Amino acid sequence: MFGLALLVASIGLADSVNPSTVVPALWLAGTSATRVLAGFTLGVFTVYLVGGIVLVFGPGPVLIHGLHHLQGTVEHLIEAAFGIGAIVFAVILLRSRQDEEHRRRLRRSISPMSAFTLGAGIMVLELPTAFIYFGAITAILAARPGAAAEISLLLAYNVLFVAPLIALLVVRRLAGDRADQWIAVAETRLHRVGQIVLTGVAGLGGVALLTLGIAGLAA
């Protein structure tokens, strides 16, 4: 049991370095309300945990086996989707003429519930391709440690998965007004120095991903 717990914990820590959760969390950290970041974290945690429970106590082996067979097609669809998203992002950046204060007001208009929905929605989209998570679930299913142990392992995995978000939340909470200053300085520098570079990288990366996705689906 100890070996299984160590395996699940190590996979959870590796999976926690996830751009699809960390990047939005960093952006949401700019709001003065820590409840917004907490809402996002709770949305990520809830959907991932519920998804794991459904897989372990439901048709987990059959679904995971089927998803592995669809891995190539799913990956190409995701490449195409992210490519389109990156291109749209580049266009928005290129056309953006908003001043810094307006961007802050826009971000601070996000409520805890909408942040929860954002986190939950991201994980709903990501869960079908969460192959690292599937590895931990497969190990749990193979060991058959009992229902209570299975739920405990899933809870531990998901706590570790959102650990970077919790750490960011704690730092944001403890830093208080100083965090606003740090984030404001970082945003100003990024806007002045990196907007053109970011637009180019997003645009070129989006075109490359879209091309790869379409080519893979066509093949």
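Since the structure is predicted, the reported quantities are computational estimates derived from the model, not experimental observations. (Residues numbered from 1 in each chain as written. Predicted model: local features only at pLDDT ≥ 70, side-chain atom pairs only at ≥ 80, totals over all residues. Heavy atoms only, no water.)

Asker: Is there a simple way to think about the environment of Ala-156 in this case?
Answerer: Note on placement: Ala-156 falls in helix α9 (residues 147–161). By relative accessible area, which is 39% here, Ala-156 ends up partly exposed. Taking the C-alpha atoms as reference, Ala-156 lies 9.7 Å from Leu-49; in sequence the two are 107 residues apart. (Helix = DSSP H or I, 4+ residues; strand = E, 2+ residues; numbered from the N terminus. Buried < 20%, exposed > 50% of the residue type's maximum accessible area, 1.4 Å probe, protein only.)

Asker: For this particular structure, what's the right way to read the nonpolar core?
Answerer: Soluble globular proteins tend to pack their nonpolar side chains together in the buried interior. Phe-40, Tyr-48, Tyr-133 and Tyr-157 are the most contacted members of the largest nonpolar core, which totals 38 residues. Mapped by element, the contributors of at least two residues to this core are α1 (2–16), α2 (19–28), α3 (34–57), α7 (112–126), α8 (131–143), α9 and α10 (163–175). Considering each element in turn, this core owes the most residues, 10 residues, to α3. Not counting residues up to four positions away in its chain, the partners in contact with Tyr-157 are Val-8, Ile-11, Gly-12, Asp-15, Tyr-48, Ile-132, Tyr-133 and Ala-136. (Core = buried A, V, L, I, M, F, W, Y, C linked by side-chain atoms within 4.5 Å. Contact = heavy atoms within 4.5 Å.)

Asker: Which parts of the structure should I look at to understand the packing of aromatic side chains?
Answerer: With the rule as written, the count across this model stands at 3 aromatic pairs. With a centroid separation of 4.7 Å and an interplanar angle of 20°, the aromatic rings of Tyr-133 and Tyr-157 are classed as stacked. With Tyr-133 in helix α8 and Tyr-157 in helix α9, this pair connects stretches of sequence that are 24 residues apart. Overall, the relative accessible area of 0% leaves Tyr-133 in the buried class. Connected via pairs of aromatic rings, a cluster forms that spans Tyr-48, Tyr-133, Tyr-157 and Phe-161. (Phe/Tyr/Trp six-rings, centres within 6.5 Å; stacked < 30°, edge-to-face > 60°.)

Asker: Mind showing me how you'd approach unusual backbone geometry here?
Answerer: Trans is the common state for peptide bonds, and a negative phi is the common state for residues other than glycine. A positive phi angle is found at Arg-144, which is not glycine, with a value near 50°. With respect to the helices and strands, Arg-144 occurs in the loop between α8 and α9. Looking at Arg-144, the relative accessible area reads 69%, which means it is exposed.

Asker: For this particular structure, what's the right way to read α9?
Answerer: Along an α-helix, residues three or four positions apart point the same way, because every turn accommodates 3.6 residues. In a regular helix each residue adds 1.5 Å, so 15 residues correspond to 21 Å; α9 covers 21 Å between its end C-alpha atoms and thus fits that length. Buried residues of α9: Ala-149, Glu-150, Leu-153, Leu-154, Tyr-157, Asn-158 and Phe-161, and no others. Take α9 and look down its axis: the buried residues cluster within an arc of 165°, on one side only. (Expected span 1.5 Å × (residues − 1). Arc of directions from axis to C-beta.)

Asker: Honestly, the packing of α2 against α3 in this entry has me stumped. Any pointers?
Answerer: Between two packed helices, what matters for the description is the angle formed by their axes and the separation of those axes. Between α2 and α3, whose axes approach to 9 Å, the crossing angle comes to 165°. With respect to each other, α2 and α3 are oriented roughly antiparallel. The two elements α2 and α3 meet at a crossing, and its hand is right-handed. Judged by residue contacts, Thr-21, Pro-24, Ala-25 and Leu-28 of α2 engage Val-36, Leu-37, Phe-40 and Val-44 from α3. (Axes fitted to C-alpha atoms, helices over the stretch in contact; angles between N-to-C directions. Parallel < 35°, antiparallel > 145°, perpendicular 65-115°, else oblique. Left-handed = near helix turned anticlockwise from the far one by under 90°.)

Asker: Can you help me understand a nonpolar patch on the surface in this one?
Answerer: On the surface, Val-159, Ile-166, Val-170 and Leu-174 cluster together into a nonpolar patch covering about 350 Å² of accessible area. Broken down by element, the nonpolar patch gets its largest block of residues, 3 residues, from α10. For Leu-174, the location among the structural elements is in helix α10. (Patch = residues over 30% accessible without salt bridge, like charges linked within 9 Å, V, L, I, M, F, W, Y side chains within 5 Å. Areas by Shrake-Rupley, 256 points an atom, 1.4 Å probe, with all protein chains shown as cover. Salt bridge = Lys/Arg side-chain N within 4 Å of Asp/Glu carboxyl O.)

Asker: I tried to follow the packing of α1 against α9 on my own but got confused; where do I start?
Answerer: Viewed as axis vectors pointing N to C, α1 and α9 meet at an angle of 30°, and their least axial separation amounts to 7 Å. Classified by the angle between their axes, α1 and α9 sit roughly parallel to one another. Crossing of α1 against α9: the hand is right-handed. Of the residues in α9, those in contact with Leu-4, Ala-5, Val-8, Ala-9, Ile-11, Gly-12, Leu-13, Asp-15 and Ser-16 of α1 are Leu-153, Tyr-157, Leu-160 and Phe-161. For the contact of α1 with α9, the class distribution of residues is 10 nonpolar, 2 polar and 1 charged. (Nonpolar A, V, L, I, M, F, W, Y, C, P; charged D, E, K, R; others polar.)

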